[in-house]
Amino acid sequence: MNALKSLPEQQLETILELQVNNHPGVMSHVCGLFSRRAYNLEGIIVLPIGKTTFSRIWLKVIEENKLDQIVKQLEKLPDVKTVTRHPQGQSIFSELTPLFQS
């Protein structure tokens, strides 16, 4: 039996990858958007891209019914250059999770 069918309340996670300008306040703007709209973030990872003026942000989101609206709002932020959705199962978070479990 499919596990997703046996747990109807379980929602699928989506990973959003953002390329953003790298300067103080960008992460605050992204998190502020989620806070103002009452969207929930399950995880955040931010890393600079080499020696460029850009960073990459990965957001783990379990808001399937609000996902299109989340992406539209992120794309409106001036410092967000690109937003890419990654399919379930391809997660940078799953690689890091064992490091933080006790």
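Definitions and cut-offs
- Residues numbered from 1 in each chain as written.
- Predicted model: local features only at pLDDT ≥ 70, side-chain atom pairs only at ≥ 80, totals over all residues.
- Heavy atoms only, no water.
- Helix = DSSP H or I, 4+ residues; strand = E, 2+ residues; numbered from the N terminus.
- Buried < 20%, exposed > 50% of the residue type's maximum accessible area, 1.4 Å probe, protein only.
- Contact = heavy atoms within 4.5 Å.
- Areas by Shrake-Rupley, 256 points an atom, 1.4 Å probe, with all protein chains shown as cover.
- Pairing = 2+ DSSP bridges.
- Phe/Tyr/Trp six-rings, centres within 6.5 Å; stacked < 30°, edge-to-face > 60°.
- Polar contact = N/O pair within 3.5 Å; in protein donor to acceptor, adjacent residues only side chain to side chain.

Caption draft 1: Looking closely at the overall build of the protein. What the protein contains, in helices and strands, is 4 helices and 4 strands. Considering the protein as a whole, with its 102 residues, one finds that 32% of them fall into the buried category. Restricting the contact set of the protein to residue pairs at least 6 apart, pairs at least 24 apart contribute 69%. Total accessible area on the protein stands at roughly 6,800 Å², and carbon and sulfur atoms take up 53% of it.

Caption draft 2: Spatial organisation of the pairing of strand β2 (residues 41-48). One ladder, built from 7 bridges, connects β2 with strand β3 (residues 54-61); its direction is antiparallel. When the sheet's bridge partners are listed, Ile 45 is paired in β3 with Trp 58.

Caption draft 3: Highlighting the packing of aromatic side chains. Across all of its chains, the model carries 1 aromatic pair by this definition. For the ring pair Phe 34 and Tyr 39, a centre distance of 5.9 Å and an interplane angle of 80° mean the geometry is edge-to-face.

Caption draft 4: Spatial organisation of the environment of Arg 85. Along the chain, Arg 85 falls in strand β4 (residues 80-86). Under the relative-accessibility criterion, Arg 85 is labelled partly exposed at 40%. Between the C-alpha atom of Arg 85 and that of Thr 14, which follows or precedes it by 71 residues, the distance is 7.0 Å. The residues touching Arg 85, leaving out its near neighbours within four places in the chain, are Ile 15, Leu 16, Leu 67, Asp 68 and Val 71. Of note is the side chain of Arg 85, whose polar atom sits 2.6 Å from the side chain of Asp 68.

Without other data, these values stay purely geometric and don't point to any function.
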